[in-house]
Amino acid sequence: MASDKFQPPKGMKDIYPEEMAARQAIFSTIREIMKRYSFKEVEPTKIESFETLAAKSGEEIEKEIYAFEDKAGRKLGLRFDLTVGMARMVAGSAYPTPVRWFCIADMFRYEAPQKGRYRAFWQWDAEIFGSASVYADAECIALGCDVLKAFDVDFEVRVSSRKLVQAVMEAVGIERDKILDAFRCIDKLQKMKREELLDEFERRGIMREKAEDLLDALDLKGEFEDVVEAVKSRVQSKDVNSACDELLQLRDALEALRVLENCVVDLSIVRGLDYYTGIVFEAYATNRKALGSAIFGGGRYDELVGIYGKDMPAVGLAGGVERLMEVLKAEGKLPEVSTSPDYFIAFVTPQLMDVCASIASKLRGKGYAVEMELMDRSLSKQLKHANRIGARYVVIVGPDEVKEGKVKVRDMESGEEKLVKVDEL
Ligand code: AMP
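What comes next concerns the included structure. (Residues numbered from 1 in each chain as written. Predicted model: local features only at pLDDT ≥ 70, side-chain atom pairs only at ≥ 80, totals over all residues. Heavy atoms only, no water.)

This part covers the environment of Y276. Summarising the element assignment, Y276 is placed in the loop between β9 (263-266) and β10 (279-285). Overall, the relative accessible area of 9% leaves Y276 in the buried class. Each C-alpha atom, one on Y276 and one on Y301, is 4.4 Å from the other, the two residues being 25 residues apart in sequence. If sequence neighbours within four positions are ignored, Y276 has contacts with R162, R271, G298, G299, R300 and Y301. Only 3.4 Å separates the side chain of Y276 from the side chain of R271, close enough to count as a polar contact. (Helix = DSSP H or I, 4+ residues; strand = E, 2+ residues; numbered from the N terminus. Buried < 20%, exposed > 50% of the residue type's maximum accessible area, 1.4 Å probe, protein only. Contact = heavy atoms within 4.5 Å. Polar contact = N/O pair within 3.5 Å; in protein donor to acceptor, adjacent residues only side chain to side chain.)

Below, the structure written as C-alpha coordinates:
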(Lines give C-alpha, C1' and ligand atoms only; values in the text may rest on other atoms or scores of the structure.)
Protein backbone atom coordinates (compact mmCIF):
# COMPACT_ATOMS: atom_id res chain seq x y z
CA MET A 1 0.00 0.00 0.00
CA ALA A 2 1.13 3.52 -0.72
CA SER A 3 2.20 5.50 2.31
CA ASP A 4 -0.23 8.20 3.42
CA LYS A 5 2.65 10.60 3.71
CA PHE A 6 3.36 10.68 -0.01
CA GLN A 7 0.07 11.47 -1.68
CA PRO A 8 -0.31 13.55 -4.85
CA PRO A 9 -1.00 17.24 -4.09
CA LYS A 10 -4.64 18.31 -3.67
CA GLY A 11 -6.62 18.13 -6.92
CA MET A 12 -3.91 16.08 -8.71
CA LYS A 13 -4.39 12.49 -9.72
CA ASP A 14 -2.19 9.51 -10.57
CA ILE A 15 -3.20 7.28 -13.42
CA TYR A 16 -2.89 3.52 -12.88
CA PRO A 17 -2.56 0.95 -15.72
CA GLU A 18 -6.23 -0.03 -16.16
CA GLU A 19 -7.31 3.61 -16.37
CA MET A 20 -4.39 4.46 -18.65
CA ALA A 21 -5.39 1.66 -21.04
CA ALA A 22 -9.00 2.95 -21.16
CA ARG A 23 -7.72 6.50 -21.73
CA GLN A 24 -5.51 5.41 -24.61
CA ALA A 25 -8.47 3.64 -26.22
CA ILE A 26 -10.55 6.82 -25.81
CA PHE A 27 -7.76 8.95 -27.26
CA SER A 28 -7.43 6.72 -30.29
CA THR A 29 -11.19 6.92 -30.98
CA ILE A 30 -11.05 10.71 -30.65
CA ARG A 31 -7.99 10.88 -32.94
CA GLU A 32 -9.84 8.80 -35.51
CA ILE A 33 -12.75 11.27 -35.52
CA MET A 34 -10.42 14.27 -35.66
CA LYS A 35 -8.88 12.67 -38.73
CA ARG A 36 -12.28 12.38 -40.42
CA TYR A 37 -12.71 16.13 -39.97
CA SER A 38 -9.13 16.66 -41.21
CA PHE A 39 -7.85 18.26 -38.02
CA LYS A 40 -4.03 18.05 -37.63
CA GLU A 41 -2.56 17.26 -34.22
CA VAL A 42 -0.37 19.86 -32.48
CA GLU A 43 0.64 20.67 -28.93
CA PRO A 44 1.29 24.12 -27.54
CA THR A 45 3.81 24.34 -24.72
CA LYS A 46 2.67 23.40 -21.20
CA ILE A 47 4.43 26.38 -19.65
CA GLU A 48 3.52 29.78 -21.08
CA SER A 49 4.60 33.28 -20.15
CA PHE A 50 2.12 34.65 -17.64
CA GLU A 51 1.43 37.53 -19.98
CA THR A 52 0.26 35.18 -22.74
CA LEU A 53 -2.10 33.39 -20.36
CA ALA A 54 -3.50 36.53 -18.77
CA ALA A 55 -3.89 38.40 -22.09
CA LYS A 56 -7.51 37.36 -22.60
CA SER A 57 -8.58 34.92 -19.96
CA GLY A 58 -10.94 36.90 -17.74
CA GLU A 59 -10.93 37.51 -14.02
CA GLU A 60 -12.20 34.03 -13.05
CA ILE A 61 -9.52 32.06 -14.83
CA GLU A 62 -6.73 34.47 -13.90
CA LYS A 63 -7.25 33.48 -10.28
CA GLU A 64 -6.93 29.87 -11.36
CA ILE A 65 -3.59 30.14 -13.17
CA TYR A 66 -0.71 28.20 -11.60
CA ALA A 67 1.77 31.06 -11.75
CA PHE A 68 5.44 31.00 -10.80
CA GLU A 69 8.80 32.52 -11.58
CA ASP A 70 11.63 30.57 -13.15
CA LYS A 71 15.16 30.82 -11.77
CA ALA A 72 15.85 33.85 -13.99
CA GLY A 73 12.80 35.65 -12.60
CA ARG A 74 10.57 35.19 -15.69
CA LYS A 75 6.86 35.26 -14.85
CA LEU A 76 5.37 32.01 -16.14
CA GLY A 77 2.26 29.92 -15.73
CA LEU A 78 0.94 26.45 -16.55
CA ARG A 79 -1.55 26.36 -19.44
CA PHE A 80 -5.18 26.36 -18.31
CA ASP A 81 -6.55 25.50 -21.73
CA LEU A 82 -5.26 24.71 -25.21
CA THR A 83 -7.05 27.52 -27.04
CA VAL A 84 -4.74 30.27 -25.82
CA GLY A 85 -1.59 28.31 -26.79
CA MET A 86 -2.96 27.33 -30.19
CA ALA A 87 -4.08 30.92 -30.86
CA ARG A 88 -0.55 32.11 -30.04
CA MET A 89 0.92 29.38 -32.30
CA VAL A 90 -1.32 30.20 -35.24
CA ALA A 91 -0.64 33.93 -34.91
CA GLY A 92 3.09 33.22 -35.15
CA SER A 93 2.93 30.94 -38.20
CA ALA A 94 1.74 31.10 -41.80
CA TYR A 95 -0.32 27.97 -42.50
CA PRO A 96 -2.99 28.26 -45.20
CA THR A 97 -6.35 29.19 -43.69
CA PRO A 98 -8.56 27.82 -42.43
CA VAL A 99 -6.12 26.13 -40.04
CA ARG A 100 -7.69 23.05 -38.46
CA TRP A 101 -5.73 21.89 -35.42
CA PHE A 102 -6.45 19.58 -32.53
CA CYS A 103 -4.67 18.57 -29.37
CA ILE A 104 -5.22 16.07 -26.56
CA ALA A 105 -3.27 17.13 -23.50
CA ASP A 106 -3.29 17.98 -19.81
CA MET A 107 -3.84 21.37 -18.22
CA PHE A 108 -3.96 22.97 -14.83
CA ARG A 109 -6.42 25.20 -13.00
CA TYR A 110 -6.25 26.19 -9.35
CA GLU A 111 -9.95 25.46 -8.73
CA ALA A 112 -11.74 24.03 -5.72
CA PRO A 113 -11.58 20.28 -6.47
CA GLN A 114 -14.91 18.41 -6.50
CA LYS A 115 -16.54 15.65 -8.49
CA GLY A 116 -15.71 16.15 -12.17
CA ARG A 117 -13.54 19.16 -11.34
CA TYR A 118 -9.80 18.72 -10.84
CA ARG A 119 -6.75 20.91 -10.71
CA ALA A 120 -5.01 18.82 -13.35
CA PHE A 121 -7.14 17.35 -16.10
CA TRP A 122 -7.06 16.42 -19.78
CA GLN A 123 -8.92 17.90 -22.68
CA TRP A 124 -9.45 17.03 -26.30
CA ASP A 125 -9.58 20.28 -28.15
CA ALA A 126 -10.14 21.27 -31.80
CA GLU A 127 -9.97 24.74 -33.32
CA ILE A 128 -10.64 26.24 -36.75
CA PHE A 129 -8.68 29.45 -37.34
CA GLY A 130 -9.33 31.90 -40.16
CA SER A 131 -12.97 31.22 -41.03
CA ALA A 132 -15.87 33.44 -40.01
CA SER A 133 -18.39 31.07 -41.61
CA VAL A 134 -21.19 29.77 -39.45
CA TYR A 135 -20.40 26.40 -41.05
CA ALA A 136 -17.11 26.41 -39.11
CA ASP A 137 -19.13 26.79 -35.88
CA ALA A 138 -21.43 24.02 -37.06
CA GLU A 139 -18.50 21.75 -37.92
CA CYS A 140 -17.12 22.15 -34.39
CA ILE A 141 -20.50 21.25 -32.90
CA ALA A 142 -20.82 18.28 -35.29
CA LEU A 143 -17.33 17.09 -34.38
CA GLY A 144 -18.23 17.19 -30.68
CA CYS A 145 -21.44 15.27 -31.40
CA ASP A 146 -19.55 12.64 -33.39
CA VAL A 147 -17.08 12.18 -30.53
CA LEU A 148 -19.86 11.59 -28.03
CA LYS A 149 -21.77 9.36 -30.46
CA ALA A 150 -18.64 7.24 -30.95
CA PHE A 151 -18.82 6.44 -27.22
CA ASP A 152 -22.59 5.91 -27.31
CA VAL A 153 -23.27 8.73 -24.84
CA ASP A 154 -26.81 10.15 -24.68
CA PHE A 155 -26.32 13.88 -24.74
CA GLU A 156 -27.71 17.26 -25.65
CA VAL A 157 -25.79 20.24 -27.01
CA ARG A 158 -27.09 23.56 -25.70
CA VAL A 159 -26.36 26.25 -28.22
CA SER A 160 -26.43 29.97 -27.61
CA SER A 161 -25.18 33.22 -29.06
CA ARG A 162 -23.21 35.76 -27.08
CA LYS A 163 -24.08 38.28 -29.79
CA LEU A 164 -27.77 37.69 -29.18
CA VAL A 165 -27.40 37.77 -25.39
CA GLN A 166 -25.40 40.99 -25.68
CA ALA A 167 -28.03 42.50 -27.99
CA VAL A 168 -30.68 41.61 -25.39
CA MET A 169 -28.53 43.15 -22.62
CA GLU A 170 -28.28 46.37 -24.60
CA ALA A 171 -31.98 46.31 -25.43
CA VAL A 172 -32.91 46.07 -21.73
CA GLY A 173 -30.66 49.04 -21.04
CA ILE A 174 -27.50 47.53 -19.54
CA GLU A 175 -24.65 49.99 -20.09
CA ARG A 176 -21.84 48.96 -22.48
CA ASP A 177 -19.20 49.05 -19.74
CA LYS A 178 -21.26 46.59 -17.69
CA ILE A 179 -21.71 44.02 -20.46
CA LEU A 180 -18.75 41.83 -19.40
CA ASP A 181 -19.98 41.92 -15.80
CA ALA A 182 -23.42 40.90 -16.98
CA PHE A 183 -21.94 37.95 -18.92
CA ARG A 184 -20.06 36.83 -15.81
CA CYS A 185 -23.32 36.90 -13.85
CA ILE A 186 -25.21 34.96 -16.53
CA ASP A 187 -22.45 32.36 -16.51
CA LYS A 188 -23.42 31.66 -12.88
CA LEU A 189 -27.09 31.20 -13.79
CA GLN A 190 -27.00 27.45 -13.47
CA LYS A 191 -25.13 27.46 -10.18
CA MET A 192 -27.07 30.20 -8.36
CA LYS A 193 -30.65 30.83 -7.29
CA ARG A 194 -32.37 33.76 -9.03
CA GLU A 195 -32.29 35.94 -5.88
CA GLU A 196 -28.57 35.34 -5.31
CA LEU A 197 -27.93 36.12 -8.93
CA LEU A 198 -29.86 39.39 -8.76
CA ASP A 199 -27.71 40.36 -5.75
CA GLU A 200 -24.63 39.53 -7.83
CA PHE A 201 -25.86 41.83 -10.63
CA GLU A 202 -26.40 44.61 -8.08
CA ARG A 203 -22.97 44.04 -6.56
CA ARG A 204 -21.53 44.60 -10.03
CA GLY A 205 -23.49 47.83 -10.47
CA ILE A 206 -26.34 46.56 -12.66
CA MET A 207 -29.79 47.71 -11.59
CA ARG A 208 -32.15 45.05 -10.34
CA GLU A 209 -34.98 45.87 -12.77
CA LYS A 210 -32.66 45.58 -15.77
CA ALA A 211 -31.23 42.33 -14.47
CA GLU A 212 -34.75 40.98 -14.01
CA ASP A 213 -35.72 41.96 -17.57
CA LEU A 214 -32.57 40.26 -18.82
CA LEU A 215 -33.15 37.05 -16.85
CA ASP A 216 -36.74 36.89 -18.08
CA ALA A 217 -35.63 37.29 -21.68
CA LEU A 218 -32.91 34.66 -21.31
CA ASP A 219 -35.19 32.10 -19.73
CA LEU A 220 -35.62 30.59 -23.16
CA LYS A 221 -34.78 27.09 -24.15
CA GLY A 222 -36.00 25.02 -27.07
CA GLU A 223 -35.98 24.61 -30.83
CA PHE A 224 -34.12 27.26 -32.81
CA GLU A 225 -37.19 28.74 -34.50
CA ASP A 226 -39.22 28.90 -31.26
CA VAL A 227 -36.50 30.66 -29.28
CA VAL A 228 -35.85 33.13 -32.08
CA GLU A 229 -39.59 33.94 -32.26
CA ALA A 230 -39.83 34.35 -28.50
CA VAL A 231 -36.80 36.67 -28.23
CA LYS A 232 -37.98 38.80 -31.13
CA SER A 233 -41.40 39.19 -29.56
CA ARG A 234 -39.85 40.43 -26.30
CA VAL A 235 -36.98 42.62 -27.50
CA GLN A 236 -36.70 44.46 -30.77
CA SER A 237 -33.43 45.80 -32.14
CA LYS A 238 -31.30 45.55 -35.26
CA ASP A 239 -28.62 43.60 -33.39
CA VAL A 240 -31.19 41.17 -31.99
CA ASN A 241 -32.46 40.54 -35.52
CA SER A 242 -29.04 39.93 -37.02
CA ALA A 243 -28.01 37.61 -34.14
CA CYS A 244 -31.28 35.72 -34.63
CA ASP A 245 -30.55 35.36 -38.36
CA GLU A 246 -27.15 33.90 -37.55
CA LEU A 247 -28.72 31.38 -35.16
CA LEU A 248 -31.10 30.28 -37.90
CA GLN A 249 -28.20 29.88 -40.37
CA LEU A 250 -26.44 27.75 -37.77
CA ARG A 251 -29.59 25.67 -37.47
CA ASP A 252 -29.55 24.93 -41.21
CA ALA A 253 -25.84 24.07 -41.13
CA LEU A 254 -26.38 21.70 -38.18
CA GLU A 255 -29.21 20.06 -40.06
CA ALA A 256 -27.03 19.57 -43.15
CA LEU A 257 -24.30 18.06 -40.92
CA ARG A 258 -26.93 15.72 -39.42
CA VAL A 259 -26.62 16.83 -35.80
CA LEU A 260 -29.57 19.17 -35.42
CA GLU A 261 -31.49 16.55 -33.47
CA ASN A 262 -28.75 16.63 -30.80
CA CYS A 263 -28.98 20.41 -30.34
CA VAL A 264 -31.28 22.84 -28.54
CA VAL A 265 -30.99 26.58 -28.03
CA ASP A 266 -30.41 27.64 -24.42
CA LEU A 267 -29.70 31.34 -24.01
CA SER A 268 -28.47 30.93 -20.44
CA ILE A 269 -25.25 29.42 -21.86
CA VAL A 270 -22.63 32.17 -22.26
CA ARG A 271 -19.39 30.33 -21.25
CA GLY A 272 -17.09 31.48 -18.48
CA LEU A 273 -14.13 32.78 -20.45
CA ASP A 274 -14.25 36.37 -21.67
CA TYR A 275 -12.79 35.59 -25.06
CA TYR A 276 -15.96 34.24 -26.66
CA THR A 277 -17.62 36.58 -29.17
CA GLY A 278 -20.40 34.72 -31.03
CA ILE A 279 -22.01 31.28 -31.08
CA VAL A 280 -21.25 29.29 -27.90
CA PHE A 281 -22.29 25.78 -26.89
CA GLU A 282 -22.01 23.17 -24.17
CA ALA A 283 -22.84 19.46 -24.22
CA TYR A 284 -24.44 17.64 -21.29
CA ALA A 285 -25.16 13.98 -20.68
CA THR A 286 -28.96 13.62 -20.73
CA ASN A 287 -29.48 10.49 -18.68
CA ARG A 288 -27.10 11.23 -15.90
CA LYS A 289 -28.19 13.94 -13.51
CA ALA A 290 -25.28 13.35 -11.12
CA LEU A 291 -22.75 14.89 -13.45
CA GLY A 292 -24.34 18.27 -13.99
CA SER A 293 -21.30 19.77 -15.64
CA ALA A 294 -20.51 20.04 -19.33
CA ILE A 295 -18.76 17.21 -21.20
CA PHE A 296 -17.58 19.62 -23.86
CA GLY A 297 -17.94 23.29 -24.58
CA GLY A 298 -16.79 25.85 -27.06
CA GLY A 299 -17.60 28.71 -29.30
CA ARG A 300 -16.46 31.52 -31.53
CA TYR A 301 -13.72 33.85 -30.37
CA ASP A 302 -12.89 36.27 -33.19
CA GLU A 303 -10.73 38.66 -31.17
CA LEU A 304 -8.34 36.36 -29.33
CA VAL A 305 -5.81 35.61 -32.10
CA GLY A 306 -5.44 39.35 -32.78
CA ILE A 307 -4.09 39.82 -29.27
CA TYR A 308 -1.18 37.56 -30.23
CA GLY A 309 -0.44 39.55 -33.38
CA LYS A 310 -2.69 38.41 -36.26
CA ASP A 311 -6.35 39.30 -36.69
CA MET A 312 -8.18 36.10 -37.44
CA PRO A 313 -11.66 34.78 -36.74
CA ALA A 314 -11.70 31.48 -34.87
CA VAL A 315 -14.00 28.88 -33.39
CA GLY A 316 -13.28 25.77 -31.35
CA LEU A 317 -14.34 23.33 -28.71
CA ALA A 318 -12.83 21.39 -25.82
CA GLY A 319 -14.03 18.36 -23.92
CA GLY A 320 -12.92 17.07 -20.55
CA VAL A 321 -11.44 13.59 -20.71
CA GLU A 322 -12.11 12.82 -17.03
CA ARG A 323 -15.71 14.03 -17.36
CA LEU A 324 -16.25 11.85 -20.40
CA MET A 325 -14.77 8.88 -18.54
CA GLU A 326 -17.03 9.49 -15.54
CA VAL A 327 -20.11 9.52 -17.76
CA LEU A 328 -18.95 6.36 -19.56
CA LYS A 329 -18.20 4.64 -16.26
CA ALA A 330 -21.65 5.51 -14.87
CA GLU A 331 -23.27 4.11 -18.00
CA GLY A 332 -21.08 0.99 -18.05
CA LYS A 333 -19.62 2.07 -21.41
CA LEU A 334 -15.99 2.63 -20.46
CA PRO A 335 -13.80 0.79 -23.00
CA GLU A 336 -12.47 -2.37 -21.41
CA VAL A 337 -8.92 -2.81 -22.52
CA SER A 338 -6.85 -5.76 -21.36
CA THR A 339 -3.52 -5.00 -19.72
CA SER A 340 -2.77 -8.75 -19.47
CA PRO A 341 0.12 -10.37 -21.33
CA ASP A 342 -0.40 -12.90 -24.12
CA TYR A 343 2.34 -15.13 -22.70
CA PHE A 344 3.97 -15.72 -19.32
CA ILE A 345 7.22 -17.69 -19.49
CA ALA A 346 7.67 -19.88 -16.42
CA PHE A 347 10.65 -22.08 -15.52
CA VAL A 348 10.99 -25.33 -13.63
CA THR A 349 14.47 -24.38 -12.42
CA PRO A 350 16.07 -20.91 -12.48
CA GLN A 351 19.05 -22.32 -14.45
CA LEU A 352 16.69 -22.14 -17.46
CA MET A 353 16.19 -18.36 -17.30
CA ASP A 354 18.35 -17.83 -20.42
CA VAL A 355 16.07 -20.17 -22.36
CA CYS A 356 13.04 -18.28 -20.97
CA ALA A 357 14.58 -14.95 -22.00
CA SER A 358 15.28 -16.19 -25.50
CA ILE A 359 11.70 -17.50 -25.89
CA ALA A 360 10.33 -14.17 -24.54
CA SER A 361 12.43 -12.29 -27.07
CA LYS A 362 11.27 -14.51 -29.93
CA LEU A 363 7.56 -14.07 -29.05
CA ARG A 364 7.97 -10.30 -28.57
CA GLY A 365 9.51 -10.22 -32.04
CA LYS A 366 6.24 -11.66 -33.31
CA GLY A 367 4.32 -8.83 -31.61
CA TYR A 368 3.05 -10.62 -28.50
CA ALA A 369 2.98 -9.09 -25.02
CA VAL A 370 5.26 -11.30 -22.96
CA GLU A 371 6.41 -11.45 -19.34
CA MET A 372 8.92 -13.86 -17.89
CA GLU A 373 9.36 -14.95 -14.30
CA LEU A 374 11.67 -12.52 -12.50
CA MET A 375 10.95 -13.44 -8.88
CA ASP A 376 12.59 -16.84 -8.55
CA ARG A 377 9.33 -18.45 -7.37
CA SER A 378 8.33 -22.12 -7.38
CA LEU A 379 6.53 -23.29 -10.54
CA SER A 380 3.17 -23.49 -8.75
CA LYS A 381 3.56 -19.91 -7.51
CA GLN A 382 4.55 -18.80 -11.02
CA LEU A 383 1.36 -20.36 -12.41
CA LYS A 384 -0.73 -18.69 -9.72
CA HIS A 385 0.87 -15.36 -10.61
CA ALA A 386 0.30 -15.91 -14.35
CA ASN A 387 -3.35 -16.58 -13.58
CA ARG A 388 -3.62 -13.44 -11.44
CA ILE A 389 -2.22 -11.18 -14.12
CA GLY A 390 -4.53 -12.79 -16.69
CA ALA A 391 -1.87 -14.29 -18.99
CA ARG A 392 -3.55 -16.03 -21.93
CA TYR A 393 -0.86 -18.73 -22.25
CA VAL A 394 1.97 -19.94 -20.01
CA VAL A 395 5.09 -21.41 -21.56
CA ILE A 396 6.61 -23.85 -19.06
CA VAL A 397 10.33 -24.32 -19.61
CA GLY A 398 11.53 -27.61 -18.06
CA PRO A 399 14.94 -29.35 -18.33
CA ASP A 400 13.67 -32.61 -19.92
CA GLU A 401 11.60 -30.87 -22.59
CA VAL A 402 14.32 -28.31 -23.35
CA LYS A 403 16.78 -31.18 -24.10
CA GLU A 404 14.39 -32.16 -26.92
CA GLY A 405 14.01 -28.55 -28.09
CA LYS A 406 10.47 -28.38 -26.73
CA VAL A 407 8.39 -26.54 -24.10
CA LYS A 408 4.93 -27.00 -22.63
CA VAL A 409 2.34 -24.37 -23.54
CA ARG A 410 -0.64 -24.14 -21.20
CA ASP A 411 -3.86 -22.52 -22.39
CA MET A 412 -4.95 -20.67 -19.24
CA GLU A 413 -8.60 -20.58 -20.29
CA SER A 414 -9.08 -24.29 -20.98
CA GLY A 415 -6.23 -25.59 -18.78
CA GLU A 416 -5.07 -27.70 -21.75
CA GLU A 417 -1.32 -28.30 -22.13
CA LYS A 418 0.58 -29.08 -25.34
CA LEU A 419 4.19 -29.94 -26.03
CA VAL A 420 5.46 -27.53 -28.67
CA LYS A 421 8.81 -27.30 -30.46
CA VAL A 422 10.58 -24.04 -29.51
CA ASP A 423 11.21 -23.47 -33.25
CA GLU A 424 7.48 -23.53 -33.86
CA LEU A 425 6.50 -21.04 -31.15
P1 AMP B 1 -13.44 24.99 -20.64
O2 AMP B 1 -12.03 25.04 -21.15
O3 AMP B 1 -13.61 25.58 -19.28
O4 AMP B 1 -14.41 25.46 -21.65
O5 AMP B 1 -13.77 23.45 -20.42
C6 AMP B 1 -13.95 22.55 -21.49
C7 AMP B 1 -14.26 21.20 -20.90
O8 AMP B 1 -13.18 20.78 -20.06
C9 AMP B 1 -15.46 21.22 -19.95
O10 AMP B 1 -16.63 21.03 -20.67
C11 AMP B 1 -15.16 20.06 -19.05
O12 AMP B 1 -15.56 18.86 -19.69
C13 AMP B 1 -13.66 20.08 -18.93
N14 AMP B 1 -13.19 20.74 -17.70
C15 AMP B 1 -13.11 22.06 -17.45
N16 AMP B 1 -12.62 22.30 -16.22
C17 AMP B 1 -12.38 21.11 -15.66
C18 AMP B 1 -11.84 20.68 -14.41
N19 AMP B 1 -11.43 21.53 -13.48
N20 AMP B 1 -11.72 19.34 -14.19
C21 AMP B 1 -12.09 18.45 -15.13
N22 AMP B 1 -12.59 18.79 -16.33
C23 AMP B 1 -12.74 20.10 -16.61
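Now that the structure is up, let's keep going.
The next thing to look at is the site of the ligand. In the vicinity of the ligand lie 15 residues, with R109, E111, Y118, R271 and A294 positioned nearest. At 2.5 Å from a nitrogen atom of the ligand is found a side-chain nitrogen or oxygen belonging to E111. The contact in question runs from a nitrogen atom of the ligand to an N or O atom on the backbone of Y118, over 2.8 Å. Here the ligand, which alone exposes 480 Å², has 92% of that area covered by the protein. When each cavity is represented as a set of grid points, the ligand is found to reside in the largest pocket. Sorting the residues of the shell around the ligand by element identifies β6 (120-129), β11 (296-300) and β12 (314-320) as the ones contributing at least two each. In terms of residue class, the shell around the ligand is built from 6 nonpolar, 4 polar and 5 charged. (Near = heavy atom within 4 Å. Areas by Shrake-Rupley, 256 points an atom, 1.4 Å probe, with all protein chains shown as cover. 1 Å grid on protein atoms, 1.4 Å probe; cavity = no way out; pocket = protein on both sides within 12 Å on 5 of 7 lines; lining within 4 Å. Sits in = over half its atoms within 2 Å of the grid points. Nonpolar A, V, L, I, M, F, W, Y, C, P; charged D, E, K, R; others polar.)

Residue T97 is joined to P98 through a cis peptide bond whose omega torsion reads 0 degrees. Within the secondary structure, P98 is located in the loop between α4 (83-91) and β5 (99-108). Positive phi, close to 65 degrees, is recorded for R258, a residue that is not glycine. Structurally, R258 can be placed in the loop between α11 (238-256) and β9. With phi around 60 degrees, D376 is a residue other than glycine that occupies positive phi space. Relative to the assigned elements, D376 resides in the loop between β14 (370-372) and α15 (379-388).

With that settled, the discussion passes to the sheet that holds strand β2 (residues 47-49). For sheets, the rule is that strands pair by backbone hydrogen bonds, running either parallel or antiparallel. Strand order in this open sheet of 3 strands is β2-β4-β3, and the pairing throughout is antiparallel. Looking along the sheet, the strands with just one partner apiece sit at the ends: β2 and β3 (67-69). Between one strand and the next, the sheet's axes are offset by a mean angle of 40 degrees, whatever the strand orientation. In this structure, β3 lies alongside strand β4 (residues 75-78), joined through 3 bridges in antiparallel fashion. By the bridge assignment, A67 is partnered in β4 with G77. (Pairing = 2+ DSSP bridges. Axes fitted to C-alpha atoms, helices over the stretch in contact; angles between N-to-C directions.)

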